[in-house]
Amino acid sequence: MDFELTDEQRLIQETVRAFVDERVLPVAVQNDIDHRLDLELIEGMAELGILGVVIPEEYGGAGLDFAAEALACEEIERGEAAFRTLISVHVGLNSLSLLRYGTEEQKHRWLVPQARGEKLACFGLTEPEAGSDVASMRSTARREGDVYVLNGQKNWISYASVSDHALVFAKTDPAGSHKGISAFVLEKGMRGFTTRDQEHKLGIWAGSTGELFFENVEVPAENLVGEEGQGFEIAMYGLDQGRFTVAAGACGVVRACLERSVEYARERKTFGQEIGRYQFVQDMIAKMVLGYETSKLLVMQAAWMKNEGRRSTRETSLAKWHATESAFEAAHLAVQVFGSYGYAAETGIERYFRNARAPIIYEGTTQIHKLLQAEHALGYRALNGKGGDVSPLCAWAPALAAVHR
């Protein structure tokens with residue numbers, strides 16, 4: 001068991017940390033207040049290779065491993081959640097799905113410019129009536145000769161209005177439930193394909209969230225990703241990748257809250273001494289330490305499995321659930337440590353609190369992840385699919401798998 005980072009991993013960690021310290025944090029509070037998506041910072045991320053961090057070099061990416069991706073996500077969300085969200089949808093949900101299921105022609109057409117950061121991409125799964133219950137989606141895709149005609153809409157889509165490519169899911173067999181869903185790449189400018197920004201959100205004000213609308217959009221048949229009816233499988237694979245970045249980014253929130261709270265608790269004095277001397281404040285600091293280190297360990301466990309080529313649905317789910325809940329708790333505690341200053345926009349603490357709420361919902365609510373973990377433990381759901389492969393640290397799993405063979 002080796003906890004040392006490689007030179008490559010340490011370099012990406014230090015490089016992204018410097019980028020966040022020098023370019024993201026100095027403007028983060030004002031961008032949030034102004035609801036401004038800072039495209040110059042996204043260009044900076046592209047220059048660092050973050051928008052193709054785990055994509056192989058042959059497809060325009062940096063070719064780094066998943067531990068490196070986790071470290072980059074942690075540093076980015078320490079600065080601004082909106083940019084880690086971009087990594088989630090652009091790299092995790094979209095690009096890695098194309099890498100796994102796309103044809104060579106599709107990879108060179110869409111994946112390469114995405115990995116280089118020349119094009120931005122989003123992921124169109126959620127609908128007004130279909131969130132956790134994916135099979136209830138109403139968007140349809142009807143084959144007519146050499147095209148599919150898409151109709152429907154998607155909502156709560158990160159980077160909907162600024163993306164060049166959208167990986168969209170629709171039913172090619174309306175009566176087929178999960179097996180009736182197919183995946184398509186739509187490009188900005190297609191006739192009948194429009195977007196609209198969503199406003200008045202609780203948090204992630206410096207990001208982009210919107211809706212996708214399809215009105216008789218004629219999508220070339222070659223834009224079908226995978227096979228007809230394979231869309232649900234592709235979506236679940238993509239969510240495994242996206243959830244991983246969500247969990248890793250949440251570690252950055254916990255760390256930011258911990259670092260800022262420790263600094264403030266050592267400076268702020270009441271009744272003649274630093275507030276860090278009070279046990280109630282120490283209790284809050286200790287909870288942040290626990291939240292950070294347990295979350296980081298779960299993230300790195302999932303990263304190791306991904307690097308080994310093992311399916312990590314269970315481990316990624318556990319990391320996402322725990323890390324996002326830990327991030328929200330840490331932000332809540334940080335506001336308390338800072339008191340009225342934590343409630344004020346200029347300190348940036350309340351920004352972490354607002355931004356930490358959404359990840360508990362998207363890419364699988366906490367309740368969905370609890371359900372997954374319980375069903376894995378009870379044997380009602382195959383451990384990481386039919387293979388039953390789990391982390392070596394999960395000592396109870398082999399016995400359970402043996403019972404249910």
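Before any of the text, the structure's been laid out above.
Remember, predicted model here, so these are calculated numbers, not experimental data.

Draft legend 1. Up close: the packing of aromatic side chains. Under the defined criterion, the tally for this structure stands at 8 aromatic pairs. Relative to F353, the ring of F328 lies with its centre 5.1 Å away and its plane at 25°, an arrangement referred to as stacked. On the criterion of sequence distance, the pair formed by F328 in helix α8 (residues 313-338) and F353 in helix α10 (residues 349-355) is long-range, its members being 25 residues apart. With a relative accessible area of 22%, F328 lands in the partly exposed category. On the accessibility criterion, F353 (30% relative accessible area) is partly exposed. One aromatic cluster is present, formed by Y264, F338 and Y341 through successive ring pairs. Lying across the ring of Y352, R351 places its NZ or CZ 4.9 Å from the centre. Between R357 and the ring centre of F328, over which it is positioned, the NZ or CZ distance is 5.6 Å.

Draft legend 2. Here's a closer look at helix α2 (residues 39-47). For α2, the full list of buried residues reads L41, I42, G44, M45 and A46. Of the surrounding secondary structure, the elements contacted by the buried residues of α2 are α1 (7-33), α3 (66-79) and α4 (81-101). N-capping of α2 is provided by D38, with a side-chain oxygen placed 3.3 Å from the backbone N of E40. At the C-terminal side of α2, G49 shows a positive phi close to 85°.

Draft legend 3. Representation of the pairing of strand β2 (residues 140-144) in the model. Relative to strand β3 (residues 147-158), β2 runs antiparallel, the two sharing 5 bridges. Residue R143 lies in a different strand from β3, and its bridge partner there is Y148. The hairpin turn running from β2 into β3, its antiparallel successor, is 2 residues long, and G145 in that turn takes a positive phi close to 65°.

Draft legend 4. Up close: the pattern of salt bridges. One pass over the full model with this rule turns up 21 salt bridges. R381 serves as the salt-bridge partner of E375, at 3.0 Å between the closest nitrogen and oxygen. Since its relative accessible area comes to 22%, E375 is described here as partly exposed. Shared partners join several salt bridges into a network, and the residues in it are R17, D21, E74, E75, R78, R255, E259 and K296.

Draft legend 5. Structural view of the side chain of Q9. Position of Q9 relative to the elements: it lies in helix α1. For Q9, a relative accessible area of 9% translates into the label buried. In this structure the side chain of Q9 is engaged in a polar contact, spanning 2.8 Å, whose partner is the side chain of D65. Leave out the neighbours within four places in its chain, and Q9 touches E4, D65, A67, A68 and L71.

Draft legend 6. Region of the structure containing the packing of helix α6 (residues 231-267) against helix α7 (residues 279-307). Where α6 meets α7, the closest approach of the two axes is 9 Å, and the angle between their N-to-C directions is 155°. The angle between α6 and α7 falls in the class roughly antiparallel. Here the hand of the crossing between α6 and α7 comes out left-handed. Residue composition of the contact of α6 with α7, grouped by class: 17 nonpolar, 4 polar and 4 charged.

Draft legend 7. Expanded view of the nonpolar core. Ranked by size, the top nonpolar core spans 92 residues in total, and within it I76 and F169 carry the most contacts. Take this core: its biggest share by element is 16 residues, from α6. Grouped together as the second largest cluster of nonpolar side chains are 19 residues, C122, A170, M190 and F214 included.

Draft legend 8. Inspection of the state of the cysteines at higher detail. For the structure shown, the criterion picks out 0 disulfides. Left without a disulfide partner, C73 is nearest to the cysteine sulfur of C251, which lies 10.0 Å away. Among the residues examined, C73 registers a relative accessible area of 1% and is labelled buried. Just so you know, C122 is unpaired, no disulfide at all, and the nearest cysteine sulfur is the one on C73, 18 Å from it. Here C122 falls in the buried class, since its relative accessible area comes to 1%.

Draft legend 9. Structural view of the packing of α4 against α6. Axis separation between α4 and α6 bottoms out at 8 Å; the angle between their running directions is 145°. As for how α4 packs across α6, the hand of that crossing is right-handed. Residues R84, I87, S88, G92, L93, L96, S97, R100 and Y101 of α4 form the contact with α6, whose participating residues are E233, I234, Y237, G238, L239, Q241, G242, T245, V246 and G249. Residue composition of the contact of α4 with α6, grouped by class: 8 nonpolar, 8 polar and 3 charged.

What counts and what doesn't
Residues numbered from 1 in each chain as written. Predicted model: local features only at pLDDT ≥ 70, side-chain atom pairs only at ≥ 80, totals over all residues. Heavy atoms only, no water. Phe/Tyr/Trp six-rings, centres within 6.5 Å; stacked < 30°, edge-to-face > 60°. Helix = DSSP H or I, 4+ residues; strand = E, 2+ residues; numbered from the N terminus. Buried < 20%, exposed > 50% of the residue type's maximum accessible area, 1.4 Å probe, protein only. Lys NZ or Arg CZ within 6 Å of the ring centre and 35° of its normal. Contact = heavy atoms within 4.5 Å. Polar contact = N/O pair within 3.5 Å; in protein donor to acceptor, adjacent residues only side chain to side chain. Pairing = 2+ DSSP bridges. Salt bridge = Lys/Arg side-chain N within 4 Å of Asp/Glu carboxyl O. Axes fitted to C-alpha atoms, helices over the stretch in contact; angles between N-to-C directions. Parallel < 35°, antiparallel > 145°, perpendicular 65-115°, else oblique. Left-handed = near helix turned anticlockwise from the far one by under 90°. Nonpolar A, V, L, I, M, F, W, Y, C, P; charged D, E, K, R; others polar. Core = buried A, V, L, I, M, F, W, Y, C linked by side-chain atoms within 4.5 Å. Disulfide = S-S within 2.5 Å.

Everything listed here is a matter of coordinates, which is why it stays silent on function.
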